[in-house]
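As a plain string of letters, each chain reads:
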Amino acid sequence: MNIEIPQKFDALINQAQQVATQVFRPISRKYDGAEHEYPVELDMLASIMDGMNDGDLSGGAGAATLKQNGNSEATGEIKNGSNMATVLGLIELCWGDVGLALSLPRQGLGNAAIAAVANKHQLERYKNTWAAMAITEPDAGSDSASISTTATKDGDEYIINGEKIFITAGGRCDAIVVWATLNKSLGRPAIKSFIVEKNTPGMELVRLDKKLGIKVSDTATIRFNNCRIPKDNLLGNPEIDIQKGFGGVMQTFDNTRPVVAAMAVGLARASIELTQELLKQSGITANYADPINNSLASEAELYRMEADLEAARLLTLKAAWMADNGQPNSKEASMAKAKAGRTANFVTLKCAELCSTIGYSESHLLEKWARDSKILDIFEGTQQIQQLIIARRMLNKNSSELK
Ligand SMILES: Cc1cc2nc3c(=O)[nH]c(=O)nc-3n(C[C@H](O)[C@H](O)[C@H](O)COP(=O)(O)OP(=O)(O)OC[C@H]3O[C@@H](n4cnc5c(N)ncnc54)[C@H](O)[C@@H]3O)c2cc1C
């Protein structure tokens, strides 16, 4: 077993770390206090990232670089490709600021959705599009199979009707990947994803939501009222394949869950590092040579957090590695997301606690990170839903047998 990061990713990791340190951190607090204000500093950065993405494997850190699982045929050759590059880059970027990483133009979760299910023409057509992803509805969150938004075929078009809530980058993006059903009575296999471009008549931005954390990221409610889109905007196979069930659209999560796990790893690492620094200023330095029985309580907390972080990091790398190598990774993607989300929540709060007044005050970013981290255990499937998926896979049960 070799779990070293291949050298070819060094440049990417360094670049992402520079962006995190020099661009994100200095503006982090400013945009935390200016919810929904667009961080103009990201425009210049976005073009640099586009350039990095064009470099394919060695390139960008955003979700736009993800590729479909199974793209790499089983040649026996081990690959570390775009999924690995994306998680490694995002760990660094989110060490800087999660909300800013989520606000990077053209690196949205919708881009990962396109990468997961689009055909060749669509991949080319939407190459430079900033895409958000809209699954959640007022009456359908965790149970994404119960969505009510409809897509009705009418000649060469689909007509979309319904309401989507909590769409990350929903106000700023160029297009939205919308999950809708072709026929609700046919259940999961009838759910498809559709690209709806901004300013399509019938698509209305209802509001932007105020939140606990990641305030710089815009979160939108969007209504579709007889919104007509070309039939080619359906991503993937238009047929309702009863055998395949939910498979098509669900592939998105196999790509995006390791990405969210990577965000959590970056944020948890940032919190631990700053806490170590602050404790050091108070004369507390972790001494790894001492037996645990002789450690201070605060040192023991640090060791536990470091161990959890490393476990989350390795699970994240494994899920991304499997995606790069065409191996089915649903269980591992959920394991990574569950462990990393839980770890980030625990670590960021614990760090605020260990640093007490400094941890709670706005003089440092620890309190902000504790707020930012909560979302990482909610979107792309909550902690409970990840555990449910893992249990189903391990017990070989389907979604109606284990709910
Ligand atoms: C800031 C933010 C950004 C978001 N961005 C997006 C986005 O870009 N696109 C998008 O589509 N959605 C997005 N979401 C929505 C997010 O994915 C949902 O909030 C999430 O899936 C949970 O759905 P829900 O809020 O309806 O909670 P519910 O599904 O109502 O769940 C409520 C609670 O019950 C638990 N629960 C539910 N079912 C079970 C079960 N079977 N067993 C055990 N426990 C269960 C859940 O874990 C949760 O704790 C975003 C949300 C937020 C807050």
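Residues numbered from 1 in each chain as written. Predicted model: local features only at pLDDT ≥ 70, side-chain atom pairs only at ≥ 80, totals over all residues. Heavy atoms only, no water.

A. Structural view of the overall build of the protein chain. Helix and strand counts for the protein chain come out as 12 helices and eight strands. Taken over C-alpha atoms, the radius of gyration comes to 21 Å for the protein chain, in line with the 22 Å a tight globule of 403 residues would show. Principal-axis analysis of the C-alpha atoms gives the protein chain an extent of 70 × 45 × 40 Å. Per-residue burial for the protein chain yields a buried fraction of 53% across its 403 residues. Taking the contacts inside the protein chain whose residues are at least 6 apart along the sequence as the reference set, 75% of them involve residues at least 24 apart. (Helix = DSSP H or I, 4+ residues; strand = E, 2+ residues; numbered from the N terminus. Rg over C-alpha atoms; globule rule 2.2 N^0.38 Å. Buried < 20%, exposed > 50% of the residue type's maximum accessible area, 1.4 Å probe, protein only. Contact = heavy atoms within 4.5 Å.)

B. Examining helix α12 (residues 383-395) more closely. The end-to-end C-alpha separation of α12 is 18 Å, in line with the 18 Å expected for 13 residues at 1.5 Å each. Buried within α12 are the following residues: Q383, Q386, I389, I390 and R392. Just beyond α12, the residue with positive phi is N396, at close to 55°. (Expected span 1.5 Å × (residues − 1).)

C. Spatial organisation of unusual backbone geometry. Notably, H36 is not glycine yet its phi reads approximately 80°, a positive angle. Even without being glycine, N396 reaches a positive phi, approximately 55°. Within the element layout of this structure, N396 appears in the segment after α12.

D. How the structure looks around the state of the cysteines. This structure, assessed with the given rule, holds zero disulfides. Lacking any disulfide linkage, C355 is separated from the closest cysteine sulfur, that of C351, by 6.6 Å. Owing to a relative accessible area of 8%, C355 belongs among the buried residues under this scheme. (Disulfide = S-S within 2.5 Å.)

E. Structural detail: the site of the ligand. Among the 19 residues in the neighbourhood of the ligand, the closest are listed as T136, S142, F166, T382 and Q384. A distance of 2.7 Å separates an oxygen atom of the ligand from a polar atom in the backbone of I135. Between the ligand and the protein, one listed contact pairs a nitrogen atom with a backbone N or O atom of F166 at 2.8 Å. Out of a free accessible area of 970 Å², the ligand has 64% covered by protein chains. Within the residue set of the shell around the ligand, elements represented by two or more residues are β1 (131-134), β3 (157-168) and α12. Residues that form the shell around the ligand fall into these classes: 10 nonpolar, six polar and three charged. (Near = heavy atom within 4 Å. Polar contact = N/O pair within 3.5 Å; in protein donor to acceptor, adjacent residues only side chain to side chain. Areas by Shrake-Rupley, 256 points an atom, 1.4 Å probe, with all protein chains shown as cover. Nonpolar A, V, L, I, M, F, W, Y, C, P; charged D, E, K, R; others polar.)

F. A look at the environment of P105. Mapped onto the fold, P105 is located in the loop between α4 (98-102) and α5 (109-117). Counting along the chain gives 59 residues from P105 to A46, while the straight-line C-alpha distance between them is 5.8 Å. Excluding its chain neighbours within four sequence positions, the residues that come into contact with P105 are Y38, L42, D43, A46 and W130.

G. Spotlight on the nonpolar core. By size, the foremost hydrophobic cluster in this structure holds 60 residues, and its most contacted members are F24, L90, L93 and L376. Of all the elements in the fold, those that place two or more residues in this core are α1 (10-32), α2 (41-54), α3 (82-96), α4, α7 (247-281), α8 (297-324), α9 (330-354) and α11 (366-373). Here this core takes 14 residues from α7, the largest share from any one element. (Core = buried A, V, L, I, M, F, W, Y, C linked by side-chain atoms within 4.5 Å.)

H. Representation of α1 within the structure. Of all the bends in α1, the greatest, near 45°, is centred on F24, and the proline P26 appears no more than four residues after it. Within the sequence span of α1, burial applies to L12, I13, A16, Q17, V19, A20, F24, I27, S28, Y31 and D32. (Bend = angle between axes of the 7 residues up to and from the residue.)

I. Up close: the side chain of N233. Residue placement: N233 occurs in the loop between β7 (219-230) and β8 (234-235). Owing to a relative accessible area of 2%, N233 belongs among the buried residues under this scheme. Side-chain polar atoms of N233 contact the side chain of R125, separated by 2.8 Å. For N233, the side chain forms a polar contact with the main-chain oxygen of I195, separated by 2.9 Å.

J. Spatial organisation of the pairing of β7. Of the pairings in the sheet, the one linking β3 to β7 comprises nine bridges and is antiparallel in character. Within β7, the residue paired with Y158 across the bridge is I229. Sheet topology places strand β6 (residues 203-208) next to β7; five bridges connect them, and they run antiparallel. Note that in β7 the partner of L205 across the bridge is I222. (Pairing = 2+ DSSP bridges.)

K. Layout of the packing of α1 against α3. It is the contact of α1 with α3, at a shortest axis distance of 7 Å, that shows an interaxial angle of 25°. Taken as axis vectors, α1 and α3 run roughly parallel relative to one another. At the point where α1 passes α3, the crossing takes the right-handed sense. Touching L12, I13, A16, Q17, V19, A20, T21, F24, R25 and S28 of α1 are A85, L88, G89, E92, L93, W95 and G96, all from α3. Of the residues contributing to the contact of α1 with α3, the split by class is 10 nonpolar, five polar and two charged. (Axes fitted to C-alpha atoms, helices over the stretch in contact; angles between N-to-C directions. Parallel < 35°, antiparallel > 145°, perpendicular 65-115°, else oblique. Left-handed = near helix turned anticlockwise from the far one by under 90°.)

L. Representation of the packing of aromatic side chains within the structure. Scanning the model with the defined rule gives three aromatic pairs in all. Centre to centre, the rings of Y158 and F194 are 5.1 Å apart; their planes meet at 65°, and the pair counts as edge-to-face. Within this pair, whereas Y158 is found in strand β3, its partner F194 is found in strand β5 (residues 191-197), the two being separated by 36 residues in sequence. Take F194: its relative accessible area is 0%, and that puts it in the buried class. (Phe/Tyr/Trp six-rings, centres within 6.5 Å; stacked < 30°, edge-to-face > 60°.)

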